[in-house]
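Structural features, examined
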Amino acid sequence: TATIIDGKAIAADLRARVAEGVAAFRQSAGRVPGLAVVLVGEDPASAVYVRSKGRATREAGMESIEHRLPADTDTETLLALVRSLNADPAVDGILVQLPLPKPVDTQAVLLAIDPDKDVDGFHPVNAGRLATGMPGFVPCTPLGCVMMLKTVHPDLTGMDAVVVGRSNIVGKPMAQLLIAESCTVTVAHSRTRDLPAKVRAADVVIAAVGIPALVKGDWIRPGATVIDVGINRTEAGLVGDVDYAAASQVAGAITPVPGGVGPMTIACLLSNTLDSARRRG
Ligand code: NAD
(Lines give C-alpha, C1' and ligand atoms only; values in the text may rest on other atoms or scores of the structure.)
Protein backbone atom coordinates (compact mmCIF):
# COMPACT_ATOMS: atom_id res chain seq x y z
CA THR A 1 0.00 0.00 0.00
CA ALA A 2 0.94 3.59 -0.62
CA THR A 3 3.15 5.80 1.48
CA ILE A 4 0.97 8.47 3.05
CA ILE A 5 2.27 11.97 2.33
CA ASP A 6 1.72 13.66 5.68
CA GLY A 7 0.70 17.22 4.79
CA LYS A 8 0.23 18.12 8.42
CA ALA A 9 3.80 17.18 9.33
CA ILE A 10 5.32 18.80 6.23
CA ALA A 11 3.30 21.95 6.92
CA ALA A 12 4.37 22.02 10.58
CA ASP A 13 7.97 21.80 9.43
CA LEU A 14 7.52 24.67 6.97
CA ARG A 15 5.75 26.78 9.59
CA ALA A 16 8.60 26.24 12.02
CA ARG A 17 11.10 27.36 9.35
CA VAL A 18 8.95 30.42 8.61
CA ALA A 19 8.83 31.27 12.32
CA GLU A 20 12.64 31.12 12.46
CA GLY A 21 12.83 33.31 9.38
CA VAL A 22 10.43 35.79 10.95
CA ALA A 23 12.56 35.99 14.10
CA ALA A 24 15.68 36.66 12.03
CA PHE A 25 13.83 39.26 9.94
CA ARG A 26 12.63 40.97 13.09
CA GLN A 27 16.23 41.22 14.34
CA SER A 28 17.58 42.69 11.13
CA ALA A 29 14.64 44.85 9.99
CA GLY A 30 13.34 45.96 13.36
CA ARG A 31 9.75 45.09 12.47
CA VAL A 32 7.60 42.02 11.93
CA PRO A 33 6.05 40.99 8.60
CA GLY A 34 2.37 41.96 8.28
CA LEU A 35 -0.42 40.13 6.47
CA ALA A 36 -3.64 42.01 5.82
CA VAL A 37 -6.77 39.90 5.36
CA VAL A 38 -10.00 41.39 4.02
CA LEU A 39 -13.25 39.56 4.73
CA VAL A 40 -16.52 40.89 3.35
CA GLY A 41 -19.85 39.53 4.61
CA GLU A 42 -20.79 36.57 6.75
CA ASP A 43 -19.99 33.48 4.64
CA PRO A 44 -19.32 30.87 7.37
CA ALA A 45 -16.66 28.90 5.44
CA SER A 46 -14.79 32.13 4.64
CA ALA A 47 -14.97 33.18 8.29
CA VAL A 48 -13.40 29.86 9.32
CA TYR A 49 -10.59 30.24 6.75
CA VAL A 50 -9.89 33.82 7.83
CA ARG A 51 -9.79 32.84 11.50
CA SER A 52 -7.33 30.01 10.90
CA LYS A 53 -5.14 32.18 8.65
CA GLY A 54 -5.06 34.87 11.37
CA ARG A 55 -4.14 32.34 14.04
CA ALA A 56 -1.38 30.79 11.90
CA THR A 57 0.00 34.25 11.06
CA ARG A 58 0.30 35.20 14.74
CA GLU A 59 1.77 31.80 15.64
CA ALA A 60 4.52 32.42 13.10
CA GLY A 61 5.32 35.71 14.85
CA MET A 62 3.83 37.92 12.14
CA GLU A 63 1.19 40.60 12.47
CA SER A 64 -2.31 39.77 11.26
CA ILE A 65 -4.24 42.85 10.17
CA GLU A 66 -7.87 41.87 9.78
CA HIS A 67 -10.51 43.98 8.04
CA ARG A 68 -14.06 42.70 8.40
CA LEU A 69 -16.60 44.58 6.32
CA PRO A 70 -20.38 44.24 6.08
CA ALA A 71 -21.94 42.22 3.25
CA ASP A 72 -23.30 45.38 1.57
CA THR A 73 -19.83 46.96 1.15
CA ASP A 74 -19.50 48.43 -2.35
CA THR A 75 -16.67 48.07 -4.85
CA GLU A 76 -15.42 51.65 -4.36
CA THR A 77 -15.03 51.17 -0.61
CA LEU A 78 -13.07 47.95 -1.18
CA LEU A 79 -10.86 49.59 -3.79
CA ALA A 80 -10.10 52.42 -1.36
CA LEU A 81 -9.19 49.89 1.34
CA VAL A 82 -6.91 47.94 -1.02
CA ARG A 83 -5.16 51.16 -2.07
CA SER A 84 -4.55 52.12 1.55
CA LEU A 85 -3.10 48.65 2.24
CA ASN A 86 -0.92 48.95 -0.88
CA ALA A 87 0.49 52.19 0.54
CA ASP A 88 0.93 50.93 4.13
CA PRO A 89 4.59 50.00 4.80
CA ALA A 90 3.55 47.67 7.67
CA VAL A 91 1.63 45.49 5.19
CA ASP A 92 3.70 42.93 3.27
CA GLY A 93 0.85 40.75 2.06
CA ILE A 94 -2.75 41.48 1.08
CA LEU A 95 -5.31 38.74 0.89
CA VAL A 96 -8.91 39.33 -0.11
CA GLN A 97 -10.98 36.33 0.94
CA LEU A 98 -13.10 35.00 -1.93
CA PRO A 99 -15.91 34.76 -2.82
CA LEU A 100 -16.89 38.42 -2.50
CA PRO A 101 -20.61 39.23 -2.35
CA LYS A 102 -22.28 39.16 -5.80
CA PRO A 103 -22.58 42.91 -6.49
CA VAL A 104 -18.85 43.51 -5.88
CA ASP A 105 -16.58 43.65 -8.93
CA THR A 106 -14.18 40.90 -7.79
CA GLN A 107 -11.92 41.32 -10.83
CA ALA A 108 -11.45 45.03 -10.14
CA VAL A 109 -10.60 44.39 -6.51
CA LEU A 110 -8.03 41.69 -7.31
CA LEU A 111 -6.47 43.85 -10.02
CA ALA A 112 -6.08 46.72 -7.54
CA ILE A 113 -3.78 44.70 -5.25
CA ASP A 114 -0.12 45.65 -5.64
CA PRO A 115 1.36 42.55 -7.38
CA ASP A 116 4.32 42.78 -5.01
CA LYS A 117 1.95 42.32 -2.04
CA ASP A 118 -0.20 39.69 -3.77
CA VAL A 119 0.78 36.74 -1.54
CA ASP A 120 -2.10 34.66 -2.95
CA GLY A 121 -0.52 34.96 -6.39
CA PHE A 122 -3.88 35.59 -8.09
CA HIS A 123 -2.96 38.86 -9.83
CA PRO A 124 -2.46 38.45 -13.61
CA VAL A 125 1.00 39.99 -13.25
CA ASN A 126 1.99 37.11 -10.97
CA ALA A 127 0.33 34.56 -13.27
CA GLY A 128 2.43 36.03 -16.09
CA ARG A 129 5.60 35.96 -14.02
CA LEU A 130 5.01 32.28 -13.21
CA ALA A 131 4.33 31.49 -16.87
CA THR A 132 7.52 33.24 -18.00
CA GLY A 133 9.87 32.11 -15.23
CA MET A 134 10.19 35.48 -13.51
CA PRO A 135 10.28 35.72 -9.72
CA GLY A 136 6.88 36.51 -8.22
CA PHE A 137 4.21 35.07 -5.95
CA VAL A 138 2.99 31.56 -6.71
CA PRO A 139 -0.53 30.54 -5.60
CA CYS A 140 -0.30 28.77 -2.25
CA THR A 141 -2.17 25.55 -3.03
CA PRO A 142 -0.12 24.45 -6.05
CA LEU A 143 3.07 25.62 -4.33
CA GLY A 144 2.24 23.31 -1.42
CA CYS A 145 1.53 20.46 -3.83
CA VAL A 146 4.99 20.74 -5.39
CA MET A 147 6.63 20.78 -1.96
CA MET A 148 4.77 17.59 -1.03
CA LEU A 149 5.67 15.95 -4.35
CA LYS A 150 9.31 16.73 -3.73
CA THR A 151 9.28 14.82 -0.46
CA VAL A 152 8.70 11.74 -2.65
CA HIS A 153 10.59 12.78 -5.81
CA PRO A 154 13.28 15.39 -5.10
CA ASP A 155 13.87 15.53 -8.87
CA LEU A 156 10.74 15.49 -11.04
CA THR A 157 12.60 15.79 -14.34
CA GLY A 158 11.00 13.86 -17.18
CA MET A 159 8.08 12.53 -15.19
CA ASP A 160 4.65 12.33 -16.82
CA ALA A 161 2.18 14.41 -14.81
CA VAL A 162 -1.55 14.87 -15.24
CA VAL A 163 -3.35 17.81 -13.67
CA VAL A 164 -7.10 17.25 -13.52
CA GLY A 165 -8.71 20.71 -13.35
CA ARG A 166 -7.82 23.97 -15.09
CA SER A 167 -8.83 26.69 -12.64
CA ASN A 168 -6.79 29.88 -12.35
CA ILE A 169 -6.07 29.28 -8.67
CA VAL A 170 -5.10 25.59 -8.76
CA GLY A 171 -4.99 23.72 -12.08
CA LYS A 172 -3.25 26.25 -14.33
CA PRO A 173 -0.55 27.39 -11.88
CA MET A 174 -0.02 23.72 -10.94
CA ALA A 175 0.67 22.91 -14.59
CA GLN A 176 3.10 25.85 -14.84
CA LEU A 177 5.01 24.72 -11.76
CA LEU A 178 5.31 21.16 -13.07
CA ILE A 179 6.55 22.43 -16.44
CA ALA A 180 9.15 24.45 -14.55
CA GLU A 181 10.16 21.21 -12.80
CA SER A 182 10.66 19.65 -16.25
CA CYS A 183 7.69 17.28 -16.09
CA THR A 184 5.73 16.43 -19.22
CA VAL A 185 2.34 17.86 -18.31
CA THR A 186 -1.16 16.96 -19.43
CA VAL A 187 -3.97 19.26 -18.27
CA ALA A 188 -7.32 17.49 -18.16
CA HIS A 189 -10.69 19.12 -17.43
CA SER A 190 -14.45 18.78 -17.76
CA ARG A 191 -14.27 18.42 -21.56
CA THR A 192 -11.41 15.90 -21.64
CA ARG A 193 -12.02 12.71 -23.59
CA ASP A 194 -11.17 9.44 -21.86
CA LEU A 195 -9.97 10.86 -18.56
CA PRO A 196 -9.16 7.38 -17.15
CA ALA A 197 -6.61 6.84 -19.93
CA LYS A 198 -4.97 10.21 -19.28
CA VAL A 199 -4.65 9.41 -15.57
CA ARG A 200 -3.36 5.87 -16.24
CA ALA A 201 -0.50 7.30 -18.30
CA ALA A 202 0.77 9.49 -15.44
CA ASP A 203 3.55 9.02 -12.88
CA VAL A 204 2.16 12.01 -10.99
CA VAL A 205 -1.57 12.70 -10.61
CA ILE A 206 -2.89 16.01 -9.29
CA ALA A 207 -6.66 16.04 -8.75
CA ALA A 208 -8.21 19.52 -8.40
CA VAL A 209 -11.80 19.20 -9.50
CA GLY A 210 -14.28 19.38 -6.62
CA ILE A 211 -16.11 16.10 -7.28
CA PRO A 212 -15.96 13.48 -4.50
CA ALA A 213 -13.97 10.38 -5.50
CA LEU A 214 -14.00 11.26 -9.22
CA VAL A 215 -10.61 9.59 -9.73
CA LYS A 216 -10.99 5.83 -9.31
CA GLY A 217 -8.46 3.42 -7.91
CA ASP A 218 -8.13 1.48 -11.16
CA TRP A 219 -7.20 4.70 -13.02
CA ILE A 220 -3.99 4.95 -11.01
CA ARG A 221 -0.82 3.55 -12.53
CA PRO A 222 0.80 1.19 -9.99
CA GLY A 223 3.41 3.13 -8.01
CA ALA A 224 2.21 6.57 -9.13
CA THR A 225 2.22 9.55 -6.77
CA VAL A 226 -1.22 11.06 -6.13
CA ILE A 227 -1.88 14.56 -4.79
CA ASP A 228 -5.53 15.14 -3.94
CA VAL A 229 -6.44 18.84 -3.78
CA GLY A 230 -10.19 18.32 -3.53
CA ILE A 231 -12.08 19.31 -0.40
CA ASN A 232 -15.65 18.04 -0.61
CA ARG A 233 -18.11 18.10 2.26
CA THR A 234 -20.23 14.96 2.10
CA GLU A 235 -22.45 13.07 4.53
CA ALA A 236 -19.45 10.84 5.19
CA GLY A 237 -17.37 13.91 6.15
CA LEU A 238 -14.57 15.65 4.22
CA VAL A 239 -13.41 13.69 1.18
CA GLY A 240 -11.08 14.41 -1.73
CA ASP A 241 -11.41 14.08 -5.49
CA VAL A 242 -9.71 10.67 -5.40
CA ASP A 243 -11.23 7.40 -4.17
CA TYR A 244 -8.67 7.15 -1.39
CA ALA A 245 -9.46 3.64 -0.17
CA ALA A 246 -8.97 2.13 -3.62
CA ALA A 247 -6.20 4.43 -4.88
CA SER A 248 -4.05 3.90 -1.80
CA GLN A 249 -3.90 0.18 -2.67
CA VAL A 250 -2.28 0.97 -6.02
CA ALA A 251 -0.39 4.23 -5.67
CA GLY A 252 3.20 4.53 -4.52
CA ALA A 253 2.40 7.60 -2.44
CA ILE A 254 -0.78 9.57 -1.78
CA THR A 255 -2.03 12.58 0.19
CA PRO A 256 -4.97 12.04 2.57
CA VAL A 257 -8.00 14.35 2.86
CA PRO A 258 -8.06 15.96 5.34
CA GLY A 259 -4.44 16.30 6.44
CA GLY A 260 -2.84 16.59 3.00
CA VAL A 261 -2.94 19.64 0.77
CA GLY A 262 -5.08 21.77 3.12
CA PRO A 263 -2.49 22.37 5.87
CA MET A 264 0.21 23.09 3.26
CA THR A 265 -1.83 25.89 1.70
CA ILE A 266 -1.78 28.03 4.85
CA ALA A 267 1.89 27.27 5.51
CA CYS A 268 2.73 28.46 1.99
CA LEU A 269 0.76 31.66 2.56
CA LEU A 270 2.95 32.38 5.59
CA SER A 271 6.05 31.57 3.57
CA ASN A 272 4.98 33.93 0.76
CA THR A 273 4.36 36.70 3.30
CA LEU A 274 7.83 36.28 4.82
CA ASP A 275 9.35 36.35 1.31
CA SER A 276 7.50 39.58 0.62
CA ALA A 277 8.78 41.18 3.83
CA ARG A 278 12.36 40.16 2.99
CA ARG A 279 12.08 41.70 -0.49
CA ARG A 280 10.66 44.87 1.01
CA GLY A 281 13.19 45.01 3.86
P1 NAD B 1 -12.95 25.03 -9.87
O2 NAD B 1 -14.39 24.67 -9.72
O3 NAD B 1 -12.57 26.43 -10.14
O4 NAD B 1 -12.32 24.13 -11.04
C5 NAD B 1 -12.64 22.78 -11.18
C6 NAD B 1 -11.99 22.23 -12.44
O7 NAD B 1 -12.36 20.87 -12.56
C8 NAD B 1 -12.43 22.93 -13.72
O9 NAD B 1 -11.27 23.37 -14.40
C10 NAD B 1 -13.16 21.85 -14.52
O11 NAD B 1 -12.83 21.88 -15.89
C12 NAD B 1 -12.65 20.57 -13.90
N13 NAD B 1 -13.69 19.54 -13.94
C14 NAD B 1 -15.00 19.65 -13.59
N15 NAD B 1 -15.64 18.49 -13.79
C16 NAD B 1 -14.74 17.62 -14.27
C17 NAD B 1 -14.80 16.27 -14.67
N18 NAD B 1 -15.94 15.56 -14.61
N19 NAD B 1 -13.67 15.69 -15.13
C20 NAD B 1 -12.53 16.39 -15.18
N21 NAD B 1 -12.40 17.66 -14.80
C22 NAD B 1 -13.50 18.28 -14.36
O23 NAD B 1 -12.25 24.45 -8.56
P24 NAD B 1 -10.83 24.84 -7.87
O25 NAD B 1 -10.93 26.14 -7.21
O26 NAD B 1 -9.72 24.56 -8.82
O27 NAD B 1 -10.81 23.72 -6.72
C28 NAD B 1 -10.82 22.34 -7.01
C29 NAD B 1 -10.98 21.56 -5.74
O30 NAD B 1 -9.89 21.83 -4.88
C31 NAD B 1 -12.23 21.91 -4.91
O32 NAD B 1 -12.68 20.73 -4.25
C33 NAD B 1 -11.71 22.89 -3.89
O34 NAD B 1 -12.49 22.88 -2.70
C35 NAD B 1 -10.35 22.33 -3.63
N36 NAD B 1 -9.37 23.32 -3.17
C37 NAD B 1 -8.60 22.97 -2.10
C38 NAD B 1 -7.64 23.83 -1.62
C39 NAD B 1 -6.80 23.40 -0.47
O40 NAD B 1 -6.21 24.20 0.20
N41 NAD B 1 -6.68 22.10 -0.22
C42 NAD B 1 -7.45 25.07 -2.21
C43 NAD B 1 -8.22 25.40 -3.33
C44 NAD B 1 -9.17 24.51 -3.80
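Residues numbered from 1 in each chain as written. Predicted model: local features only at pLDDT ≥ 70, side-chain atom pairs only at ≥ 80, totals over all residues. Heavy atoms only, no water.

Some points on the packing of helix α6 (residues 140–152) against helix α10 (residues 261–280)
One can describe the packing of α6 onto α10 by two numbers: an axis separation of 8 Å at closest approach and a directional angle of 110 degrees. It follows that α6 is roughly perpendicular to α10 by the angle criterion. Here α6 contributes C140, T141, L143, G144, C145, M147 and M148 to the contact with α10, which in turn contributes V261, M264, T265, C268, L269 and N272. (Axes fitted to C-alpha atoms, helices over the stretch in contact; angles between N-to-C directions. Helix = DSSP H or I, 4+ residues; strand = E, 2+ residues; numbered from the N terminus. Parallel < 35°, antiparallel > 145°, perpendicular 65-115°, else oblique. Contact = heavy atoms within 4.5 Å.)

As for the pairing of strand β2 (residues 34–40)
Within β2, seven of the seven residues are buried, which leaves it mostly tucked inside the rest of the structure. Along β2, one buried face is formed by G34, A36, V38 and V40 and the opposite face, lined by L35, V37 and L39, is buried too. Where β2 lies against strand β3 (residues 63–69), seven bridges are found, and the strand directions are parallel. From the neighbouring strand, V40 faces β3, where its bridge partner is L69. Considered for its hand, the β-α-β crossover made up of β2, helix α2 (residues 44–59) and β3 is right-handed. Where β2 and strand β4 (residues 93–96) come together, four bridges link them in parallel fashion. Note on β4: the bridge partner recorded for A36 is I94. (Buried < 20%, exposed > 50% of the residue type's maximum accessible area, 1.4 Å probe, protein only. Pairing = 2+ DSSP bridges. Right-handed = clockwise from strand over helix to strand, strands pointing away.)

As for the state of the cysteines
Counting across every chain of the model gives zero disulfides. C140 carries a free sulfur, and the closest cysteine sulfur to it, the one in C268, is 6.2 Å from it. We note that C183 lacks a disulfide partner, and the nearest cysteine sulfur, in C145, lies 13 Å from it. Take C183: its relative accessible area is 9%, and that puts it in the buried class. (Disulfide = S-S within 2.5 Å.)

Re unusual backbone geometry
With an omega dihedral of 0 degrees, the bond running from L98 to P99 counts as a cis peptide bond. Considering the arrangement of structural elements, one finds P99 in the loop between β4 and α4 (106–112). Residue P258 is bonded to the preceding V257 through a cis peptide linkage, with omega at -5 degrees. With respect to the helices and strands, P258 occurs in the loop between β11 (253–254) and α10. The backbone of S182 sits at a positive phi, close to 65 degrees, despite the residue not being glycine. Locating S182 in the fold gives a position in the loop between α7 (171–180) and β6 (184–188). With a phi angle near 50 degrees, A213 is a residue other than glycine that sits in the positive phi range. Locating A213 in the fold gives a position in the loop between β7 (204–207) and β8 (225–228). With a relative accessible area of 25%, A213 lands in the partly exposed category.

Structural notes on the sheet that holds β7
Taken together, the six strands give an open sheet; going across it, the order is β1-β11-β8-β7-β5-β6, and neighbouring strands pair in parallel fashion. The open sheet has two edge strands, β1 (3–4) and β6, and neither has a second partner. As judged from the four bridges shared by β7 and β8, these two strands associate in the parallel manner. Along β8, the bridge assignment pairs V204 with T225. Across the face of the sheet, α6 comes into contact with β7, β8 and β11 while running at roughly 155 degrees to β8. Each of β5 (160–164), β6 and β7 touches α7; the most contacted strand, β5, lies at about 170 degrees to it.

Structural notes on the packing of α6 against α7
Between α6 and α7, the shortest axis-to-axis distance is 9 Å and the interhelical angle comes to 40 degrees. When the axis of α6 is compared with that of α7, the two are oblique. The chirality of how α6 crosses α7 is right-handed. Only P173, M174, L177 and L178 of α7 make contact with α6, whose side of the interface consists of P142, L143, C145, V146 and L149. (Left-handed = near helix turned anticlockwise from the far one by under 90°.)

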